[in-house]
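# Inside the fold
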Amino acid sequence: MTTNPRASFRCGVLTLSDKGARGERDDTSGPELQTMLRAAGFSLAEYRIIADEQRLIEDTLTEWADSLQLDLIVTTGGTGVSPRDRTPEATRNVIDREVPGLAEAMRLASLAVTPQAVWSRAMAGIRGTTLILNLPGSKKAARENLAAVLPALVHGLEKIQGSQKDCVAEPGPSA
């Protein structure tokens, strides 16, 4: 019997929304991301809706990475250019290393759907052994962005945690 390697990865979904935090708007992207992650075999350990306050975002990301030791934190919301969109700044302040390829892949996938994807400031980075991935706040865009990188996450998470497995299979001997 084989085990699902994703099942060992604990993740959290953090929704950034002033109205959502005040109970004035239902969160649709957070539950959508939870459904996708569970369907892909990830274990959901945390879910929270908080206001678009940079310090609060930084504190929550730090808590989830350092104290809860989650493997993956997916944020949704706050990646655009409006004055309250501070998720990338908060993420940048708490990560040790950036992973630009993930954000590039998400923007590329979104550009195939809408030219408005150029306004995304989403980023991805590593804090300790936790990958933090910023996604847009709309349910549709969050779903599209996660789908763009989901196939690559297991390998990346394994590498972040120190796996020595090769990134690319070595070619076999020639006959």
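Fair warning: this is a prediction, and the values are worked out from it, not measured in the lab.

Attention shifts here to the overall build of the chain. From N to C terminus, the chain includes six helices and six strands. Since a compact globule built from 175 residues should have a radius of gyration of about 16 Å, the 16 Å found for the chain is in line with a globular shape. The principal-axis extents of the C-alpha atoms in the chain amount to approximately 65 × 40 × 30 Å. Residue pairs in contact within the chain that sit at least 24 positions apart in sequence constitute 76% of those at least 6 positions apart. Carbon and sulfur atoms provide 52% of the accessible area of the chain, an area that totals close to 9,100 Å². For the chain, the distance from the average position of its 20 positive side-chain charges to the average position of its 22 negative side-chain charges is 3 Å.

Scored by pLDDT, the chain comes out at a mean of 92, with 90% of its residues at no less than 70. Below pLDDT 50 for its whole length, residues 169-175 participates in zero contacts with residues either more than four positions away or in separate chains.

With the exception of glycine, the majority of residues adopt a negative phi angle, and the majority of peptide bonds are in the trans configuration. Phi at Gln 69 takes a positive value of approximately 50°, unusual for a residue other than glycine. For Gln 69, the position within the fold is in the loop between helix 3 (54-67) and strand 3 (72-76). On the basis of relative accessible area, Gln 69 is assigned to the exposed category, the value being 56%.

Ordered in space as 2-1-3-6-5-4, the six strands form an open sheet in which the pairing is mixed. In this open sheet, the two strands that pair with only one neighbour each are strand 2 (43-50) and strand 4 (97-98). Note: strand 1 (residues 10-16) against strand 3, five bridges, orientation parallel. In the sheet register, Val 13 faces strand 3, and the bridge partner there is Val 74. Against the sheet, helix 4 (residues 87-94) makes contact with strand 1, strand 3, strand 4, strand 5 (124-127) and strand 6 (130-135), and its axis sits at roughly 165° relative to strand 6, the strand it touches most. Each of strand 4, strand 5 and strand 6 touches helix 5 (residues 100-111); the most contacted strand, strand 6, lies at about 25° to it.

Structurally, the position occupied by Arg 22 is in the loop between helix 1 (18-21) and helix 2 (29-39). Between the C-alpha atoms of Arg 22 and Arg 143, which are 121 residues apart in sequence, the distance is 24 Å. At 3.1 Å, the side chain of Arg 22 and the side chain of Glu 24 are in polar contact.

This part is about the pairing of strand 6. Burial analysis of strand 6 places six of its six residues in the buried class, which makes it a mostly covered element. Side chains Thr 130, Ile 132 and Asn 134 of strand 6 all project onto a buried face; the interleaved residues Leu 131, Leu 133 and Leu 135 project onto the opposite face, where all are buried too. Note: strand 3 against strand 6, five bridges, orientation parallel. By the bridge assignment for strand 6, Val 74 is matched with Leu 133. Where strand 5 lies against strand 6, four bridges are found, and the strand directions are antiparallel.

Parameters at a glance
Residues numbered from 1 in each chain as written. Predicted model: local features only at pLDDT ≥ 70, side-chain atom pairs only at ≥ 80, totals over all residues. Heavy atoms only, no water. Helix = DSSP H or I, 4+ residues; strand = E, 2+ residues; numbered from the N terminus. Rg over C-alpha atoms; globule rule 2.2 N^0.38 Å. Contact = heavy atoms within 4.5 Å. Areas by Shrake-Rupley, 256 points an atom, 1.4 Å probe, with all protein chains shown as cover. Lys, Arg positive; Asp, Glu negative; His and termini not counted. Charge placed at Lys NZ, Arg CZ, Asp CG, Glu CD. pLDDT = per-residue confidence, 0-100. Buried < 20%, exposed > 50% of the residue type's maximum accessible area, 1.4 Å probe, protein only. Pairing = 2+ DSSP bridges. Axes fitted to C-alpha atoms, helices over the stretch in contact; angles between N-to-C directions. Polar contact = N/O pair within 3.5 Å; in protein donor to acceptor, adjacent residues only side chain to side chain.

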